[in-house]
Structure formats: structure tokens, C-alpha cells
Amino acid sequence: MLRTHTCGELSISDIDNEVRLCGWNQKSRDLGGMTFIDIRDRYGITQVVFNMDVDEGLCKKARKLGREYVICVEGKVIERSNKNKKLKTGDIEIIAKGLKILNESKTPPFTIEDNTDGGEDLRMQYRYLDLRRGPIKRNIELRHQVLQETRKYLDREGFLDIETPSLIKSTPEGARDFVVPSRMNPGEFYALPQSPQTFKQLLMVSGFDKYFQIVKCFRDEDLRADRQPEFTQIDCEMSFVEQADVLQTFEGLIKHLFAAVKNISLDEFKTICYDEAMQYYGTDKPDLRFGMPFKEMNELCQNNGFNVFDKAELVVGFNANGCGTYSRKNLDALTNFVIRPQIGAKGLVYVKCNEDGSYKSSVDKFFDQNALANWAKAMNAKEGDLLLILAGTKGQTRKALGELRLEIGNREGLRDNNKFAPLWITDFPLLDWDEEENRWNAMHHPFTSPKEEDIPLMDTDPGKVKANAYDMVINGVELGGGSIRIHKKTLQQKMFNCLGFTEEEAQSQFGFLLNAFEYGAPPHGGIAFGFDRITAMLGGKESIREFIAFPKNNAGRDVMLNTPSAISERQLKELGINLSC
Ligand code: ASP
């Protein structure tokens, strides 16, 4: 080995030992008679001292080292007179006896420090340098740890890690496919998996009753901080199970990860059904680190001559506890927040519950103190609270109020990164009406089973059918989702039928699955987790990009590779692709 130790391990117990360290020149300081070098590797930083009196030539060589030069330093470990408590190796330093330059380096385009001067674009372009920085390096180490702990838990629970192909036929998960042209089959394409959904179900038919895979999935959809075109799932499936078994097994996984990685013991997960989540929090992924549930107010508020309320399908509000002292400016800011086009509310009604028991509202012209007192009572409000109310169509109003609730949570510091509120959302609708296409879509995916008792509704009132589907949500982030599957051919055909497939279309796209269901498919169900999201949450961040070694930017580009990029005429020709038509 070129080195005897890493740059992060030497301590008082190594004093007087001769050592050899390899790493990068983080920083050098020239104090005339002495030159100090901080040598850095994956494990830490060690201070090296070059002394003019001891070896003038060596000291001069050290002075010439540029930032990020790769060096090998030989010397003796001594105790430091002024110890650096911030550094793991801060009790010691090396008196250099030898210095070898293993490679030179151009001056990096940004500082390789925890707080760098590099902007996002530059850091992405030189991601290999960005990965040298402490915070990003630690994220990648965390990712490794989460990966190992996931494998450990699932292996212990008897799950088999089975790989499935990446060049496949479309598996519908609600996004567009990335497609790959086939040279050997001109004019034909593979799709990259949006998930291994159909394969894992086929593995159940094969009898592998517990499957998992930590697997890349690809979805061509608009990107956000928590979305990448390629991302990693912990994909799982089990046979001979009911919903409760799946929830229990995977609540166990998440508890294991929090305990092993963060030393946090999570409480029992709450379970809320979809309808309640929408009714009380306006979203299917509520952040339950704080309360402030919604109260529907139609009966209390309507038929009073206030048009906005009277005409609305839904009048709904919540009690922003303790916000009754918000100034005019704060309230205007909240109004501006909800009327932004992204939120789309028409306006915001507020009621301040004053300390003297009176009320001040934005609708004083229409509602007297008595009416406001009734609202306050309905929302369990006390002096010093603030009621925030929106009105309009049901779906949009709930959604807007949900955003407002989160905004209040942010303003009031209630969304603490060190607090975790895990829950299951269950009983999702099976289908979702697509206004544009004028047809039903699968809310989860087409392989999700309807609740047994709701199957007849598939013919009469498809929108009312509930599914055996569930999501795991922590702090308002959907970490995973899954379902009990359909395992009978006739029911699967019925589902395709609901989704507007003809029998022929269903057969041509999913014939392999329908056929497999004729050969003894066991009852089965499963789940998939967003691995990047889990890691980001355990790392206390929102953006998954910081936890992926080589991520893409918001436009889906890899700015380091500068791709996607054009391919040669020859490649196009071989693939039978003519771009001009
Ligand atoms: N395949 C689903 C997804 O990617 C997860 C599942 O149903 O197991 O969301």
C-alpha cells in the first residue's frame, strides 16, 4: 500500500510512529520557517508540518504544492501544541520527512470545502470534485448505509433479491416511458421500466413468495426537487398476504432504518383512510408533525348573504393555533399566498380571536360577533387563535387550504426536521377520472385490486370503487406505495375494461400477465419505496439530488456528460431512425 494510515485515523496513541499518508492538498499555509499542509482523503484531514530548519529542500517543495495536488507524505506523528478540537485528528500532526507528488491538479473551479463558493451548475459540471466535499461525501456514505440496512432487514425477513430486466415493454405507472430503439428489430422499441411491477407479480406466480430488488426505474415526467428521470426504488412483493401483513412488514423496514441509521425509535404508524386525509388535510400526503385539521363549515357559514360562501360547493377552514396576533401585513401575505396562480384561491377569509374574547374578521360586514363565536367554537378556537377559511369547488379548495396549512406550519416552525410523523394512507379510490381524455385512469396502477365488496360498483359507479392500495407518508413526503394485486384473469380483464382497453388491446399489451394468471397465480401484494427520498429524509434534506452521486438537473440533463446529446448519422441509420420526417 502507498499509505500506512488514512488521513482520519491518527490520534495520541500513534505518537512517535512513522507513518505514510496519501491524499489531496486541502490547504497549505506558509509561515516562513514552517509550512503547514492539510492532507485530506475520504476519512478526514491531518495536519502535516514542514520545517525549514529540518529540511529546507522539502519545505520549499511543500510550499509549491497547489490546491488538490495528490500527495504522499511520510513522517513522524507528534502531539500538537495547539490542539484543534474540531478535527478528528486534531490532537496530533505529522513532522514531514518525505513528500511525493503523485499527481498535479489544476486549481479547482470552486473551493473543496463544506461551504463552497461554487454554484449549483458548476458543482454539477464538476460533480467528481463536488463529491470530494464533506457534506456530499457524507450523503453518499449515508446512502450506502441505508442500502446495507435495507438489504439486512429484507434478507432477515426472508426476501430474495432478484434482478429483473431493464429493456422491457411499457409498465404503466402513470408517467411517459423512456424508449430504446432496437437495432435488430427495426422500427421497434423497448421501454425502460417505470417499475418492475409486472415482473415482480410474475415472480409470485413462479413461487418466489418474497421478492425484493433495489432497482433503477425510469419515468419521463416533469422534474422537481424530489424527482429525477431515473431513480431508485426498494421494490418488494409477497405472496399469500393481506394488506395488514404488507403494512406490518414494511412498517418494520422503515422503523429498522430509522433505528439503525438515526438511532430514532419511531412510534406506531397512524393509519388514515384516503377520504379522511382529503377531508381533514386536503392532501393524500398530510404532514402530521402538527395538527390544524380542517373543519367543513357549509352549514355554519352559508345562507347569510355573503355570496362567496353561499355559492361555494365547499366552505372549509382551520384553526391556526396561536396566530391571532398576526399583523395586517402577515395576513396580506397569507392572502397573496393563496391567490397565487399555483394555489388559485379567490381570496382568504380570516377571523382573529382577540384576547378580550371579541372577534375581528375580514367579513365583519356579513357576520356578527355571534356568528364568528360559533365558528370559533366549531373549530375549537380560543383567545389568540386565528381562523383561516377558503371557499370554492371542493377539490381545489381543499388543495389550496392544504397548502395554506403547510405555509402556517412553516411560518410557525412546526415542520421540524428532527421530528418524524409516519403514517399509512389506505383505501384509495381505484380509479381517477381524466377530464382531458374523458376516461378513467388507474389511481395506483391497473394491477391494483378493488375491494372485494366494491367489485359490482365497477359496472355501475366506478368512481366509488375503493382499492386495496396504500401509501406510506412521513412529514408530508410520500415515501412509498403499493397494493394488494388482482390475481385472477377475469377481474384483471374487467379492470382493463374499466380503463377503456378493448379485449384485443389488453391481450396485446398485457397478454403475458393475463396468461400467467391462468397458471395458478397466488394472492399477492407489495410495495415500492423511493430509495432516494428515504435517504434524503434520513439525511434531513428535501432535495434527493444531493444524495445521488451523479444526478440530472431540472431539465433532465447530465451537465457533466452533456447529455442527452445527438447521435451519429450512422447510428441513426443502423437503428432505422429518420429524423427528417
Ligand atoms: N410499482 C408501484 C410503483 O412503482 C409500487 C407497487 O405497487 O408495488 O409505484
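In this report, we go over the structure that sits alongside the text. (Residues numbered from 1 in each chain as written. Predicted model: local features only at pLDDT ≥ 70, side-chain atom pairs only at ≥ 80, totals over all residues. Heavy atoms only, no water.)

### Observations concerning the nonpolar core
Here is step 1 of the chain: Phe250, Ile254, Phe529 and Ile534 are the most contacted members of the largest nonpolar core, which has 38 residues in total.
Here is step 2 of the chain: The element contributing the most residues to this core is helix H6 (residues 243-262), with 8 residues.
Here is step 3 of the chain: Sequence-distant contacts of Phe250, that is, excluding residues within four places in its chain, are made with Leu154, Phe159, Cys236, Met238, Trp424, Met472, Ile527 and Phe529.
Here is step 4 of the chain: Grouped together as the second largest cluster of nonpolar side chains are 24 residues, Phe290, Tyr326, Tyr350 and Leu404 included. (Core = buried A, V, L, I, M, F, W, Y, C linked by side-chain atoms within 4.5 Å. Buried < 20%, exposed > 50% of the residue type's maximum accessible area, 1.4 Å probe, protein only. Helix = DSSP H or I, 4+ residues; strand = E, 2+ residues; numbered from the N terminus. Contact = heavy atoms within 4.5 Å.)

### Some points on the side chain of Asn25
Here is step 1 of the chain: On the secondary structure map, Asn25 appears in strand E1 (residues 18-30).
Here is step 2 of the chain: Engagement of the side chain of Asn25 in a polar contact is seen with the backbone oxygen of Gly66, the distance being 2.9 Å. (Polar contact = N/O pair within 3.5 Å; in protein donor to acceptor, adjacent residues only side chain to side chain.)

### Regarding unusual backbone geometry
Here is step 1 of the chain: Each neighbour pair has its own omega, and for Thr563 with Pro564 the value is 10 degrees, a cis peptide bond.
Here is step 2 of the chain: Mapped onto the secondary structure, Pro564 falls in the loop between helix H16 (531-538) and helix H17 (569-574).
Here is step 3 of the chain: Positive phi, normally seen in glycine, also occurs at Glu68, with a value near 70 degrees.
Here is step 4 of the chain: As for its placement among the helices and strands, Glu68 is situated in the loop between helix H1 (56-63) and strand E4 (70-79).
Here is step 5 of the chain: Of note, Asn380 is a non-glycine position whose phi angle comes to about 55 degrees, a positive value.

### A closer look at the sheet that holds strand E16 (residues 386-392)
Here is step 1 of the chain: Read across the open sheet, the 5 strands follow the order E12-E13-E16-E14-E15; overall the sheet is antiparallel. Every other strand in the sheet has two partners, leaving strand E12 (294-296) and strand E15 (359-361) as the edge strands with one partner each. Within this sheet the neighbouring strands show an average axis-to-axis angle of 25 degrees, counted without direction.
Here is step 2 of the chain: Inspection of the sheet shows E12 paired to strand E13 (residues 314-320) by 3 bridges, in the antiparallel sense. Looking at the pairing, Lys295 lines up with Gly317 of E13. (Pairing = 2+ DSSP bridges. Axes fitted to C-alpha atoms, helices over the stretch in contact; angles between N-to-C directions.)

### Looking at the pairing of E1
Here is step 1 of the chain: Looking at chain direction, E1 and E4 are connected through 7 bridges and run antiparallel. Paired with Glu18 across the two strands is Lys76, which belongs to E4.
Here is step 2 of the chain: Bridging between E1 and strand E2 (residues 34-41) involves 6 bridges; their strand directions are antiparallel. Its bridge partner being in E2, Trp24 is matched across the sheet by Arg40.
Here is step 3 of the chain: The hairpin formed by E1 and E2 contains 3 residues between the paired strands, and Gly32 there has a positive phi angle of roughly 80 degrees.

### With respect to helix H15 (residues 503-516)
Here is step 1 of the chain: The end-to-end C-alpha distance of H15 is 16 Å, clearly below the 20 Å that 14 residues give at a rise of 1.5 Å each.
Here is step 2 of the chain: Where H15 bends most, the angle comes to about 90 degrees, and this point is Phe510.
Here is step 3 of the chain: Taken as a whole, H15 has its buried residues at Ala506, Phe510, Gly511, Leu513, Leu514 and Ala516.
Here is step 4 of the chain: On its buried side, H15 packs onto helix H5 (197-205) and helix H14 (489-498). (Expected span 1.5 Å × (residues − 1). Bend = angle between axes of the 7 residues up to and from the residue.)

### Considerations on the environment of Lys494
Here is step 1 of the chain: Relative to the elements of secondary structure, Lys494 occurs in helix H14.
Here is step 2 of the chain: Here the alpha-carbon distance between Lys494 and Val316, two residues 178 residues apart in the chain, equals 38 Å.
Here is step 3 of the chain: In contact with Lys494, other than residues within four places in its own chain, are Ile455, Met458 and Asp459.
Here is step 4 of the chain: In this structure the side chain of Lys494 is engaged in a polar contact, spanning 2.9 Å, whose partner is the side chain of Asp459.

### So, the side chain of Thr232
Here is step 1 of the chain: Summarising the element assignment, Thr232 is placed in strand E10 (residues 230-239).
Here is step 2 of the chain: The class for Thr232 is buried, based on a relative accessible area of 7%.
Here is step 3 of the chain: In terms of polar contacts, Thr232 uses its side chain to reach the side chain of Arg143, at 3.2 Å.
Here is step 4 of the chain: The contacts of Thr232, once residues within four sequence positions are left out, are Arg143, Ile214, Val215, Lys216, Phe529, Gly530, Phe531 and Asp532.

### As for the pairing of strand E19 (residues 439-442)
For a regular strand, the rule is simple: side chains alternate between the two faces of the sheet.
Here is step 1 of the chain: Relative to E19, strand E18 (residues 431-434) runs antiparallel, the two sharing 4 bridges. Considered in E19, the bridge of Leu431 is made with Ala442.
Here is step 2 of the chain: Hairpin remark: E18 followed by E19, antiparallel, with 4 residues in the connecting loop; positive phi at Asn438, about 60 degrees.

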